[in-house]
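Coordinate inspection notes
Here are the chains, one letter per residue:
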Amino acid sequence: MNCKNCNEDLTPFMFLNGFKFCPFCGTGLNGEKRAFSNTQSANETVVIIDSVVPSENLLIINAFNTRFELIKCPAGKFLMGSPADELGRSKNETQHEVTISDDFYIGRFPVTQAQYEAVTKQNPSCYEGPNNPVDCVNWHQAKEFCYRLNEATVNIRPAGYLFDLPTEAQWEYACRANTTTSLNSGKNITYRSTGCRNLDELGWYEYNSGRKTHPVGQKKPNSWGIYDMHGNLCEWCRDYYLENYLPENADPDGEDRNIHRVFRNGSFRTYPPMCRSASRFYTHPILGTETTIRLALIKSNKFTMFYNVGEDLTPPSHWVRRDDD
């Protein structure tokens, strides 16, 4: 089934509960137009350590009576992975050059519980707090969140972009913000299994968290104004996990090669090496306790976005990849 207005293929969406409108243009299944509004109140939900972000790099989208802040990440190249002598390095972090060929946006903060509840009317979190990042979210739930946000922002988000999870490469590129050190402050971790002053500046982990999550934006951001990419909660990426990354170095994207999905960042219960910019982890997509969502807004022709028709949410998912550019 194709959209009667923009002719996009809607077949992969059909199984979703409540699916009534095209997420690309907002047209209803019978051709009717949906009335969208971008006048929702822009409630401030957190008090943050402020960072100066040029206005042209900060995108604010108001939807579901809440405010989503995203940072523009310019196209470019970077060294993904870690050098052989980095403290705490794992063998699956082979350093290599990656090209990000299109600008994209990434969440200034992880999705908070207040934001998640506004969109889904649910809060699965174990460590409750409206300004804390939502936790106990599995990969499928993270993707469903992106879908719902796309449906509600047809006339609000930049033309040609859709919400999704970041690829593993996009996540690390945004985290590093032009740094090559193990932390995005330009500093390195100094200890494997004790507290690390350099990490204390940036995030919540085993030695400073009190074994619980904390409100977003309480630690220093990186130079692009992005917060909480070193600790507090792990963050889902779009990719399937491969030991040696994906084979192509230009815009690497998750392909159907593995059951497991990648997540990045450490959590409030992990040791310093697991909070490095290059640290990589993976698990089954139906799992997730110390995992959260960081939104990305990506060119809509580069997507692994929705389930196959009739697919059960519980087994590993195969997603439709859009390669129409």
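Above this text you will find the structure in question.
My aim in this report is to walk through the structure given alongside it, one point at a time. Every value quoted in this text rests on a predicted model; they were computed, and no experiment measured them. (Residues numbered from 1 in each chain as written. Predicted model: local features only at pLDDT ≥ 70, side-chain atom pairs only at ≥ 80, totals over all residues. Heavy atoms only, no water.)

1. Describing the overall build of the protein
As a reminder of what qualifies: Helix numbering and strand numbering both begin at the N terminus, where a helix is a DSSP run of H or I of at least 4 residues and a strand a DSSP run of E of at least 2. Think of it in three bands: with a 1.4 Å probe and only protein chains considered, a residue is buried below 20% of the maximum accessible area for its type, exposed above 50%, and partly exposed in between. Throughout, a contact is declared for two residues whenever any of their heavy atoms are within 4.5 Å.
Secondary structure summary: the protein contains 4 helices and 13 strands in total. By residue count, 57% of the 325 residues in the protein fall in the buried class. Pairs at least 24 apart in sequence give 67% of the contacts found in the protein among residues at least 6 apart.

2. Some remarks on the packing of aromatic side chains
Here is the rule we go by: Classification of ring pairs uses Phe, Tyr and Trp, with its six-membered ring standing for Trp, and accepts pairs whose centres are within 6.5 Å; under 30 degrees between planes counts as stacked, over 60 as edge-to-face, and the remaining range as tilted. Whether a charge sits over a ring comes down to the Lys NZ or Arg CZ being within 6 Å of the ring centre and within 35 degrees of the ring normal.
For the structure shown, the criterion picks out 13 aromatic pairs. Every member of this aromatic cluster is reached through a ring pair, and the members are Phe78, Phe104, Tyr173 and Trp224. For lysine 219, the ring lying beneath its charged end belongs to tryptophan 204, and the centroid distance is 4.2 Å. When the ring centre of tyrosine 240 is taken as reference, the NZ or CZ atom of arginine 261 above it lies at 3.6 Å.

3. Here we look at the environment of tyrosine 207
On the secondary structure map, tyrosine 207 appears in the loop between helix H4 (197-200) and strand E7 (234-240). Between the C-alpha atoms of tyrosine 207 and proline 272, which are 65 residues apart in sequence, the distance is 8.8 Å. If we skip the residues at most four places from it in the chain, tyrosine 207 touches Ser193, Thr194, Gly195, Tyr271 and Pro272.

4. Structural notes on the sheet that holds strand E5 (residues 104-107)
Our working definition: For two strands to pair, DSSP has to find at least two bridges joining them. Angles here are taken between N-to-C directions and fall from 0 to 180 degrees, while the axes themselves are lines fitted to C-alpha atoms, restricted in helices to the stretch in contact.
Ordered by their spatial adjacency, 5 strands build an open sheet running E1-E2-E5-E11-E6, and the pairing between neighbours is antiparallel. Only two strands of the sheet have a single neighbouring strand rather than two, namely strand E1 (58-63) and strand E6 (161-164). Neighbouring strand axes in the sheet, compared pairwise and without regard to direction, differ in orientation by 30° on average. Note that E1 and strand E2 (residues 66-73) share 6 bridges and pair antiparallel. Bridging from a neighbouring strand, asparagine 62 pairs with arginine 67 of E2. Across the sheet, helix H2 (residues 139-152) is in contact with E1, E2 and E6; its angle to E6 comes to roughly 150°. Contacts from helix H3 (residues 168-176) reach E2, E5 and strand E11 (296-299), with the element oriented near 75° to E5.

5. Focus: the packing of helix H1 (residues 113-120) against H2
Our working rule: Roughly parallel means an angle under 35 degrees; roughly antiparallel, over 145; roughly perpendicular, 65 to 115; everything else is oblique. By convention the crossing between two helices is left-handed if the near helix lies anticlockwise of the far one by an angle smaller than a right angle, and right-handed if it lies clockwise. Gly is put with the polar residues, along with every residue not named as nonpolar or charged; the nonpolar set is Ala, Val, Leu, Ile, Met, Phe, Trp, Tyr, Cys and Pro, and the charged set is Asp, Glu, Lys and Arg.
H2 packs onto H1 with a crossing angle of 65° between their chain directions and a minimal axis gap of 10 Å. If you check the angle between H1 and H2, you find them roughly perpendicular. When you trace H1 past H2, the crossing you get is left-handed. Side by side, H1 and H2 meet where Gln115, Tyr116, Val119 and Thr120 of the first sit next to Gln141, Phe145, Arg148 and Leu149 of the second. Each residue belonging to the contact of H1 with H2 can be placed in one class, and the counts come to 4 nonpolar, 3 polar and 1 charged.

6. Topic: the sheet that holds strand E8 (residues 261-264)
If you walk across this open sheet you meet the 4 strands as E9-E8-E7-E10, and the pairing is mixed. Here the strands that pair on one side only, and so sit at the sheet edges, are strand E9 (280-283) and strand E10 (291-292). Sitting on the sheet, H3 touches E7, E8 and E9, and the angle it makes with E7 is about 140°.

7. Topic: unusual backbone geometry
In most cases, non-glycine residues show a negative phi, while peptide bonds are predominantly trans. Located in the positive-phi region is lysine 121, a residue other than glycine, with phi close to 65°. By secondary structure assignment, the location of lysine 121 is in the loop between H1 and H2. For lysine 121, a relative accessible area of 67% translates into the label exposed. Its identity is not glycine, yet cysteine 136 carries a phi of approximately 60°, on the positive side. Inspection of the secondary structure puts cysteine 136 in the loop between H1 and H2. The buried category is assigned to cysteine 136, whose relative accessible area is 16%.

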